[in-house]
Amino acid sequence: MPSLPALPRTIELDDGPAPRRPVPRQRDRRKSHVGSARREVLRTTGLLDDATREFWDGLTALSAGLLSVPLTMMTLVDGDETLTMSTGGQARGGDRWTAELEAGVHRHMSDSSAPAVVVNGHWDELGRTALGRAVRSWITWPLMTSDGLVVGAFTALDVRPRSWTDAELALLGVFARSASAQLSLLAAADAERAARDDLQAVRESERRAEERLRCLASVALELLRAEEIEDLTEIVVNRGLPVLGADGGAVVVRDDDRFAAAVSVRLGPQVQSAYGVLPLDDPWPAAYVARTGKRLVLPTRQAGLAFTPAMGPLYESSKRYAWVFTPLWVGNRLLGSLAASWAEERDFSDDDLTVLDAFAAQCAQALERIRLTKGREETAVRGQRLSEALQRSLLTQPATRGDLVIGCRYLPAVHEAHVGGDWFDAFESSSGATILVVGDVAGHDRNAAAAMAQLRNLLRGLAFDSDDTPAVLLSRLDRAGLGLGLDALATAVVVRLEPGGVARGRRMLWSSAGHVPPLLRLADGTVHALV
């Protein structure tokens, strides 16, 4: 609690106007004032509530009665303004005289801790309407905070010249000290409330930061399963960006000579239809950012229309009035842009934009992975089609001659085996024997198909002008493959049908190199495995 300063020397004045500072003093460099924001806080946090006002009114009324003065006032100072907290005594009037007296108190009060005393002065006719006569004498005691800063005054006024006694000065000082102590208590309570509010604000900020980090982590995991651009919009725009309060957006990527936009369903079918496909020079900010790689923040409708009038239809159809467009970069390559929207105009903090950048980075990485995966898939499909064409060119229907009918049917066990090293062949040698071949090179890719083609053609060349048995042919094929550097693992079965006729029959020779055994079906329908 501040201590009372030494009592000032009483000053006698004539009937002329009182000087601006009735008591000489040294200006306190620590001069403080309540401040508009601070005063408003005090207004709303207890300084003017009913219980406190009763305390102020009790002080001013009691002091007016004990000092036998027509008016006492308690005021707070805010720069060049004065706020009357309470008045006591027999004064009459209203807001006008209160304002006049406030101005007088502010002009005559001391900025230092010393009280100002006037025994026979003139208050420039102020207060005449309140007191019926002009103020002639007064005491102004400063109100101080616990750290000694002057924030106001406790003043007693009289309409007649008056020699204030030491007891009266001390008594008014007691009232001023009581008011100062109450102000300090209120200020301490307000500071405690402010500290609690600050702590709550910090905790709320930490909670938001934690929530955003959890959302970023969740989005990162979900993006690992994304397979289409539409998945990016669903994960990033519809599930991730709401942590920032966003409500809808789009992922825009370059697709050859145009931009393709996966627009959030939150923006409605009209927006999805209007902005799904865009030319490369489209003025929509999402296309601009996808072209230039520069982030664009449009916090208000006015800002958007100033950037491009083309935003007008989007505002009308989407009912979203704040937008941020963030580029999608992977390394030094610009893939597109991420658009985020809010229903209301708003300002964006640095933290908001940092989180948007993080979402955009995750989106760009996922987009790059999707593109690479699709590229590999397309390459694999092209390779598969090429291999199928090669395989089909080799698996032709053999010609049928004389009394020998040859039929072929290729049925792979699984779809993936359509392309690979499987082959069959049937041809006549130079001596008229019919050679039948079924083989399989390990693998189901272009390499297997190429190795199969080489082995097929190599076996044809070895068997055409040779009368070797199937076993000898397979041995020669094995040696030729090793000698020619064919890096392939294959199995095969070769059958040789010697020339003959229906009456005489045909002699069949066969040999298998690791292949499944062939089956022989007789005329009566019985089937035998050739093992």
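Calculation criteria
- Residues numbered from 1 in each chain as written.
- Predicted model: local features only at pLDDT ≥ 70, side-chain atom pairs only at ≥ 80, totals over all residues.
- Heavy atoms only, no water.
- Helix = DSSP H or I, 4+ residues; strand = E, 2+ residues; numbered from the N terminus.
- Axes fitted to C-alpha atoms, helices over the stretch in contact; angles between N-to-C directions.
- Parallel < 35°, antiparallel > 145°, perpendicular 65-115°, else oblique.
- Left-handed = near helix turned anticlockwise from the far one by under 90°.
- Contact = heavy atoms within 4.5 Å.
- Nonpolar A, V, L, I, M, F, W, Y, C, P; charged D, E, K, R; others polar.
- Pairing = 2+ DSSP bridges.
- Patch = residues over 30% accessible without salt bridge, like charges linked within 9 Å, V, L, I, M, F, W, Y side chains within 5 Å.
- Areas by Shrake-Rupley, 256 points an atom, 1.4 Å probe, with all protein chains shown as cover.
- Salt bridge = Lys/Arg side-chain N within 4 Å of Asp/Glu carboxyl O.
- Buried < 20%, exposed > 50% of the residue type's maximum accessible area, 1.4 Å probe, protein only.
- Phe/Tyr/Trp six-rings, centres within 6.5 Å; stacked < 30°, edge-to-face > 60°.
- Core = buried A, V, L, I, M, F, W, Y, C linked by side-chain atoms within 4.5 Å.

Moving on to the environment of leucine 185. Of note, leucine 185 is situated in helix H5 (residues 166–223). Spatially, the C-alpha atom of leucine 185 lies 8.9 Å from that of serine 146, the residues being 39 residues apart in sequence.

Where H5 contacts helix H6 (residues 229–240), the axes come no closer than 10 Å and their chain directions differ by 165 degrees. Comparing their axes, H6 and H5 come out roughly antiparallel. In this structure, H5 crosses over H6, and the sense of that crossing is right-handed. In contact with Cys215, Val219, Glu222 and Leu223 of H5, H6 contributes Leu232, Ile235, Val236, Arg239 and Gly240. Here the residues of the contact of H5 with H6 are counted per class, giving six nonpolar, one polar and two charged.

The next point concerns the sheet that holds strand E13 (residues 434–441). Taking strand neighbours across the sheet as the criterion, the four strands line up as E12-E13-E14-E15 in an open arrangement whose pairing is antiparallel. Edge positions in the sheet fall to strand E12 (421–428) and strand E15 (508–513), since each has one partner strand and no second. Between one strand axis and the next, the sheet turns through 5 degrees on average, direction left out of account. Pairing of E13 with strand E14 (residues 490–497) involves eight bridges; the strand directions are antiparallel. Bridge pairing links threonine 434 to leucine 497 in E14. Sheet strands touched by helix H12 (residues 446–464): E12, E13 and E14. Its angle to E12, the strand with the most contacts, is close to 20 degrees. With respect to the sheet, helix H13 (residues 470–483) is in contact with E14 and E15, its orientation differing from that of E15 by roughly 35 degrees.

Next up on the list: the pairing of strand E7 (residues 258–263). When strand E6 (residues 249–255) meets E7, the two strands line up antiparallel, connected through six bridges. Looking across to E7, one finds that aspartate 255 is bridged to arginine 258. Here E6 folds back onto E7 in antiparallel fashion, the turn holding two residues, of which aspartate 256 has a positive phi close to 60 degrees. Pairing geometry for E7 and strand E8 (residues 277–279), over three bridges, is antiparallel. Pairing of phenylalanine 259 across the sheet is with leucine 278, part of E8.

Looking now at the packing of H12 against H13. Viewed as axis vectors pointing N to C, H12 and H13 meet at an angle of 125 degrees, and their least axial separation amounts to 10 Å. Taken together, H12 and H13 sit at an angle that is classed as oblique. Here H12 runs over H13; the crossing is right-handed. Contacts between H12 and H13 involve Leu455, Leu458, Leu459, Leu462 and Ala463 on the former and, on the latter, Leu473, Arg476, Leu477, Ala480 and Gly481. Considered class by class, the residues forming the contact of H12 with H13 number eight nonpolar, one polar and one charged.

Looking now at the sheet that holds E7. Strand pairing in a sheet takes place through backbone hydrogen bonds and is either antiparallel or parallel in direction. One open sheet accounts for six strands, arranged E8-E7-E6-E11-E10-E9; its pairing is antiparallel. In this open sheet, the two strands that pair with only one neighbour each are E8 and strand E9 (296–298). Within the sheet, the average angular offset between the axes of one strand and its neighbour, ignoring direction, is 20 degrees. Taken together, the five bridges between E6 and strand E11 (residues 333–342) define a ladder with antiparallel strand orientation.

On the surface, Met508, Trp510, Leu520 and Leu522 cluster together into a nonpolar patch covering about 290 Å² of accessible area. Position of methionine 508 relative to the elements: it lies in strand E15.

This paragraph deals with the side chain of glutamate 368. Considering the arrangement of structural elements, one finds glutamate 368 in helix H11 (residues 350–394). Judged by relative accessible area, glutamate 368 falls into the buried class, the value being 13%. Not counting the four nearest positions on each side in its chain, glutamate 368 is found in contact with Val330, Arg333 and Leu335.

Moving on: the packing of aromatic side chains. When we look at a pair of aromatic rings, we describe it by the centre distance and by the angle of the planes. Under the definition given, this model contains eight aromatic pairs. Their ring planes at 15 degrees and their centres at 6.3 Å tell us that phenylalanine 154 and phenylalanine 175 sit as a pair that is stacked. Linking phenylalanine 154 in strand E5 (residues 150–158) with phenylalanine 175 in helix H5, this pair joins segments that are 21 residues apart in sequence. For phenylalanine 154, a relative accessible area of 0% gives the class buried.

A few words now on the nonpolar core. By size, the foremost hydrophobic cluster in this structure holds 34 residues, and its most contacted members are Leu232, Val251, Leu328, Leu338, Trp342, Leu356 and Phe359. Mapped onto this core, the elements with two or more residues apiece are H5, H6, E6, strand E10 (322–330), E11 and H11. If we ignore the near neighbours within four places in the chain, the residues touching leucine 356 are Leu241, Leu244, Val324, Thr326, Ala340 and Trp342. Formed by 25 residues, the second largest nonpolar core is a distinct cluster that contains Leu76, Met85, Leu169 and Phe175.

As a further point, take unusual backbone geometry. Backbone geometry places aspartate 256, a non-glycine residue, at a positive phi of 60 degrees. For aspartate 256, the location among the structural elements is in the loop between E6 and E7. Looking at aspartate 256, the relative accessible area reads 66%, which means it is exposed. Although it is not a glycine, lysine 319 sits at a positive phi angle of roughly 60 degrees.

This next bit is on the pairing of E12. A large share of E12 lies buried, amounting to seven of its eight residues. Pairing geometry for E12 and E13, over eight bridges, is antiparallel. Its bridge partner being in E13, aspartate 425 is matched across the sheet by valine 437. As consecutive antiparallel partners, E12 and E13 are separated by five residues, and within that stretch glycine 432 has a phi angle of approximately 95 degrees, a positive value.

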